[in-house]
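# A structural walkthrough
One-letter residues, chain by chain:
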Amino acid sequence: MAKQPAYDDSMWQAPQLLTNASPRDSRDAPNRWMLVPREIPLMEEKPIRIPHLRMVEGPQPPGSFPLRPVPHPVQANRKSRLILDQGELTTGYPEILVSGGRAATIVLRYAEALYEKSSSPGRPSKGDRDEVEGKNFVGYGDVFHLDGGASRVLRPLWWRTWRYIELSIETKDDSLIVEDISATYTGYPFERKSSLHTSSPQANEELQTILDVGWRTARLCAHETYMDCPYYEQLQYGGDTRIQALVSLYTSGDARLMKQAIDAMDATRSAEGLTYSRAPSELQQYIPPFSLWWIGMLHDYWMHVEDAAYVKSHIKGVRAILRFYEERQEPTGSLGKLPWWNFVDWAWEGGVPPNGGTGNSASLDLQLLLALDWAAEIEDTLGSKAMAAEYRDRAATLRSAIRALYWDGARGLFADTPAKNSFSQQANSMAILAGLAEGEQAGRLFDALWAEEGLTKSTVYFRFYTHAAARAAGRGDRFLSFLDLWRDMLRVGLSTWAEMPEPSRSDCHAWGSSPNFELFRTMLGVSSAAPGFRKVRVAPHLGPLGDLEGSLPHPRGEVRVSLKKQGAGLAASVDLPQGVDGVFVWKGKERALRGGGNTVHLP
């Protein structure tokens, strides 16, 4: 009603000036609203329709409702309940156009999926996401009270997340006409620029489905910031964001949201040195390992984006985080008990790995070791040679401690604690990534962590690191066989990747989109071999596929790769941007690559 030109706003209170805004770096900033330039584009918005009507209680809408804008009348003193199905998860502004219905109430509720009815304790199961019959609709919503006017537009002030919308109407003495219900999709305006194909129809169909679902997941978790999930927290967590940013880089080449995330997290560093677990955030929550992943994200940015000056400006944040950890290392180099929430993966209670009561945890020590290695590389090139040497010394000491404390020679695995009574894929994956096992030893270690019974398994989040370990251990040819967890999610009707194995709370967590990165890095084989992606490494692992071709964005253009097996050998063509060289690696053999077109034949 307030949109109408004749609307009487004379009763509205006049706005009061609280203070003047000012730039963040101005002298004597007079208020808490310090402004900084916007460095990301405005969000994408586009109209979408809701295609399916799945359930009706009360008056039956016209046959084409809600796909088309046809009037749906609800008589006076009636109740109506409809369940609408978008067909896939989305984010946007739902909008309902109504006329009449004075004193009526309309409630829109939103759900990722409906819940199965169960009296058992614990989180209820959602089951098949395509099913609605006999299930409970649980979700937040918006309530609208009508004034009876014509063509009223009802729309929430913030975007919502849904696959299903429950539209409930209760009229009083005035009938109501629902003229239309639709929505406006919104999200960060990423453009999909990568592609991947194989000539096998069945394999290609699966590849495209996994890539499509992964990209949808990543897009719904990217708005004004990255976020863990669009339905619940909508918070930019460090552990999630590192994975999301790599997916964005390999799919779109757009690093602006990644850069904003690095800035936002660095701005939260406390006097102790840690960043918040998520940023921006009103709550000062700390997950110390996520500060280490922030160092990893800065290293990722350095390796993939031509912006060395920006990375250099954040070295002080790296030093502060590593100083926090140095103060908590024992004489051996291993970490003692750490404060806060030391989340590693949902596989353990609360996501925290075992520490045997002493604080010594292989997973936490290994994350620190990885961060020290990344920091040494950055310092060596952009910072202080002395700091690089210090980090390498600390890393060497910590490597020795990890081998002494956690290696179990009888099982051929790294244990979770010095007691050596529990083992995990998480710790052993990071041991491979940190170079504690190399060559054939790394291969044997990966075979053991994947095949042995009794190990704690990586869940959706940490599979990113376990899959990376497979590539590092020379087991990348098995990558497609690792995706059963994703196939299971498709079988229960998920249109985005869930937070964790069933029963999952969130149906959309972008850390599950890691195959959108790893399919290009492991199977197509493309990775950055120098800061700024100035050198490209192509080390493919085709596995059971006979051929594969794909392309991905590069700071200077595009990388295109075409691969075809020829008996035990391989024929490949690689197109690199001009001025960018590289190396092609296949079964231990290497060939130099130059900017432009390259043809490689290896026996």
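A brief report on the enclosed structure follows. The structure displayed is predicted, hence computed values, not measured ones.

## Considering the packing of helix 3 (residues 256-266) against helix 4 (residues 288-304)
Running from N to C, helix 3 and helix 4 cross one another at 145°; their axes reach a closest spacing of 11 Å. Between helix 3 and helix 4 lies a crossing whose hand is left-handed. Listed contacts from helix 4 to M258, K259, I262, M265 and D266 of helix 3 are W294, M297, L298, D300 and Y301. In the contact of helix 3 with helix 4, the residues fall into seven nonpolar, no polar and three charged.

## Structural notes on the packing of helix 7 (residues 362-382) against helix 9 (residues 425-433)
Between helix 7 and helix 9, whose axes approach to 9 Å, the crossing angle comes to 25°. One finds that helix 7 runs roughly parallel with respect to helix 9. The two elements helix 7 and helix 9 meet at a crossing, and its hand is left-handed. On helix 9, the residues that touch A362, S363, L366, Q367 and L370 of helix 7 are Q426, A427, M430, A431 and L433. Here the contact of helix 7 with helix 9 is composed, by residue class, of seven nonpolar, three polar and no charged.

## Side note on the state of the cysteines
Simply put, the disulfide is a covalent bond whose two ends are the sulfur atoms of two cysteines. A full pass over the atoms with the stated rule returns zero disulfides. You can see C229 has no disulfide; the closest cysteine sulfur is in C221, sitting 6.9 Å from it.

## Examining the pattern of salt bridges
If you walk through the whole model with that rule in mind, you get 44 salt bridges. The salt bridge involving K126 is made with E112; its shortest N-O contact spans 3.7 Å. Of this pair, K126 sits in the loop between strand 8 (115-116) and strand 9 (135-136) while E112 sits in the loop between strand 7 (105-111) and strand 8, placing them 14 residues apart in sequence. By relative accessible area, K126 is classed as buried at 2%. With a shortest N-O distance of 3.1 Å, K126 and D507 are connected by a salt bridge. Of this pair, K126 sits in the loop between strand 8 and strand 9 while D507 sits in the loop between helix 12 (484-491) and helix 13 (515-523); the two residues are 381 residues apart in sequence, bridging distant segments of the chain. Residues joined in a network through salt bridges with shared partners are E112, K126, R129, E502 and D507.

## Side note on the nonpolar core
In terms of nonpolar packing, the biggest core is built from 138 residues, with L322, L366 and F584 touching the most fellow members. The element best represented in this core is helix 7, accounting for 13 residues. Look past the residues within four positions of F584 in its chain and what remains in contact with it is V538, P540, L563, L570, A572, V574, K589, E590, R591, L593, V600 and L602. The next biggest cluster of nonpolar side chains, apart from the first, holds 34 residues, and it includes V74, L89, L146 and I165.

## Examining helix 3
Within the span of helix 3, buried status applies to L257, M258, A261, I262, M265 and D266. Turning to helix 3, the residues buried within the fold contact helix 2 (238-251), helix 4, helix 5 (308-313) and helix 6 (315-326).

## Comments concerning the sheet that holds strand 20 (residues 557-566)
Strand order in this open sheet of five strands is 14-19-20-21-24, and the pairing throughout is antiparallel. The sheet is open, and its two borders are formed by strand 14 (195-197) and strand 24 (596-602), each paired with just one other strand. Strand-to-strand twist in this sheet, taken as the mean axis angle between neighbours without regard to direction, amounts to 10°. Sitting on the sheet, helix 1 (residues 201-220) touches strand 14 and strand 19 (547-554), and the angle it makes with strand 14 is about 155°.

## Here we look at helix 13
With respect to burial, helix 13 is a largely interior element, nine of its nine residues being buried. Within helix 13, the full set of buried residues consists of P515, N516, F517, E518, L519, F520, R521, T522 and M523. Phi turns positive one or two residues past the end of helix 13, at G525, with a value near 90°.

## Here's the deal with the sheet that holds strand 17 (residues 526-528)
In space, the four strands of this open sheet follow the order 17-18-22-23, with mixed pairing throughout. Single-partner strands in this sheet number two, and they are strand 17 and strand 23 (589-593). Here the strands of the sheet are splayed against their neighbours by 25° on average, with no regard to which way each runs. Inspection of the sheet shows strand 22 (residues 581-586) paired to strand 23 by five bridges, in the antiparallel sense. Looking at strand 23, one finds that V585 is bridged to E590.

## Overview of unusual backbone geometry
Following F65, the chain continues into P66 via a peptide bond in cis, with omega recorded as 5°. Counting through the fold element by element, P66 comes out in the loop between strand 4 (52-57) and strand 5 (72-74). Note that the residue after E502, namely P503, is joined by a cis bond; omega there is -5°. Note on placement: P503 falls in the loop between helix 12 and helix 13. In this structure, S151 takes a positive phi of about 50° despite not being glycine. Within the secondary structure, S151 is located in the loop between strand 10 (141-145) and strand 11 (152-154). Positive phi, close to 60°, is recorded for F533, a residue that is not glycine. Summarising the element assignment, F533 is placed in the loop between strand 17 and strand 18 (535-538).

Here is what the cut-offs are and how they apply
- Residues numbered from 1 in each chain as written.
- Predicted model: local features only at pLDDT ≥ 70, side-chain atom pairs only at ≥ 80, totals over all residues.
- Heavy atoms only, no water.
- Axes fitted to C-alpha atoms, helices over the stretch in contact; angles between N-to-C directions.
- Helix = DSSP H or I, 4+ residues; strand = E, 2+ residues; numbered from the N terminus.
- Left-handed = near helix turned anticlockwise from the far one by under 90°.
- Contact = heavy atoms within 4.5 Å.
- Nonpolar A, V, L, I, M, F, W, Y, C, P; charged D, E, K, R; others polar.
- Parallel < 35°, antiparallel > 145°, perpendicular 65-115°, else oblique.
- Disulfide = S-S within 2.5 Å.
- Salt bridge = Lys/Arg side-chain N within 4 Å of Asp/Glu carboxyl O.
- Buried < 20%, exposed > 50% of the residue type's maximum accessible area, 1.4 Å probe, protein only.
- Core = buried A, V, L, I, M, F, W, Y, C linked by side-chain atoms within 4.5 Å.
- Pairing = 2+ DSSP bridges.

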